[in-house]
Amino acid sequence: MTETQALRERLLSGNLATRLLTAAVGMPIIIAAILVGGPLFAALIALSLAIALGEVAVIVKLEPRSALFLVAVAGIGSIIAVSTQPDVPLLWPILATGLGIAGAATITAVRSVSQPDPAQLRPILLGGTTMLGAVAYLAIPGATFILVRDSHQGTDWVLLAVLAVMSADAAAYAGGRLLGRHQLAPSVSPNKTMEGAVAGWLGGFGATLALDQILNLDVEIWPLVLLALVLPIVSQLGDLVESLFKRAMDVKDSSNLIPGHGGVLDRLDSLLFGLPVVYFFLQWTT
């Protein structure tokens, strides 16, 4: 077998065909929602975050019909809804969600635990803490999807962020398959390699600069270069953060909902770190 054939075999040895087919179906829907914006885009974001929250609940063995989970879903919905209203501070739904989860955990403990037994109280406390952390992890960065979309040239900036992050993910996957030799973080994600990380950074950097030219964004070149340098690094950090959670919970994927890609949380992890970077970049440059 020649070296070229060996490299091709390594690339195709994974679920690349399934990943590509799923992306071919899903990407037009995502792009259409970004272009349309408004309630449709906000609803897609809220639905995606709620599904990701459900995946977290399943991983930590929290009943999806529990009061804790339902309050957390309501919190995500309220945070995304308020993010569409520029005159309403996001602090209020965030605080209300925190108080709601704490209250739901307390009421659940009072109603379901007859004795002050730590073995019974501990799962309730851990469930409440997990839901509170999951809402902060999902909904607060998720709100920046809406805030960026509603900014000047917002459609183009969301497209740049999503496509650049996805380009970094794809380049990291391909680079790791073809060239991966040295593990990046074996204790967190044994399949990630330093070569893949470099390929991902190069892919995200190049995609950011290319998309700026394609979309004709109103930004100076040097701030854009800084964004191109930082965005793929932060997006890969988001991937590692989710990998850390899955490794700690001893699961491979957040779910099998998206063929070839795992769950919704697996697709959102990089974007949940990437979109806030774009949001703060726009706050800095406009």
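Our structure's up above, just so we're on the same page.
Residues numbered from 1 in each chain as written. Predicted model: local features only at pLDDT ≥ 70, side-chain atom pairs only at ≥ 80, totals over all residues. Heavy atoms only, no water.

A. Molecular detail of the packing of helix 8 (residues 194-215) against helix 9 (residues 221-249). Running from amino to carboxyl end, helix 8 crosses helix 9 at an angle of 140°, the nearest separation of the two axes being 8 Å. Classed by the angle they form, the pair helix 8 and helix 9 counts as oblique. As for how helix 8 packs across helix 9, the hand of that crossing is right-handed. Judged by residue contacts, Gly196, Ala197, Gly200, Trp201, Gly204, Phe205, Thr208, Leu209 and Asp212 of helix 8 engage Leu224, Val225, Leu227, Ala228, Leu229, Leu231, Pro232, Ile233 and Gln236 from helix 9. Split by residue class, the contact of helix 8 with helix 9 holds twelve nonpolar, five polar and one charged. (Axes fitted to C-alpha atoms, helices over the stretch in contact; angles between N-to-C directions. Helix = DSSP H or I, 4+ residues; strand = E, 2+ residues; numbered from the N terminus. Parallel < 35°, antiparallel > 145°, perpendicular 65-115°, else oblique. Left-handed = near helix turned anticlockwise from the far one by under 90°. Contact = heavy atoms within 4.5 Å. Nonpolar A, V, L, I, M, F, W, Y, C, P; charged D, E, K, R; others polar.)

B. The side chain of Ser235, seen in detail. Mapped onto the fold, Ser235 is located in helix 9. Of the polar contacts made by the side chain of Ser235, one reaches the backbone oxygen of Pro232; its length is 2.9 Å. Residues within four places of Ser235 in sequence aside, it is in contact with Val165, Ala168 and Ser270. (Polar contact = N/O pair within 3.5 Å; in protein donor to acceptor, adjacent residues only side chain to side chain.)

C. Spatial organisation of the nonpolar core. Formed by 60 residues in total, the largest nonpolar core has its most connected members in Met131, Trp157 and Leu227. With sequence-adjacent residues up to four places away left out, Trp157 is seen in contact with Val148, His152, Leu217, Val219, Leu227, Val278, Phe281 and Leu282. (Core = buried A, V, L, I, M, F, W, Y, C linked by side-chain atoms within 4.5 Å. Buried < 20%, exposed > 50% of the residue type's maximum accessible area, 1.4 Å probe, protein only.)

By themselves, these are just geometric observations and shouldn't be taken as functional.
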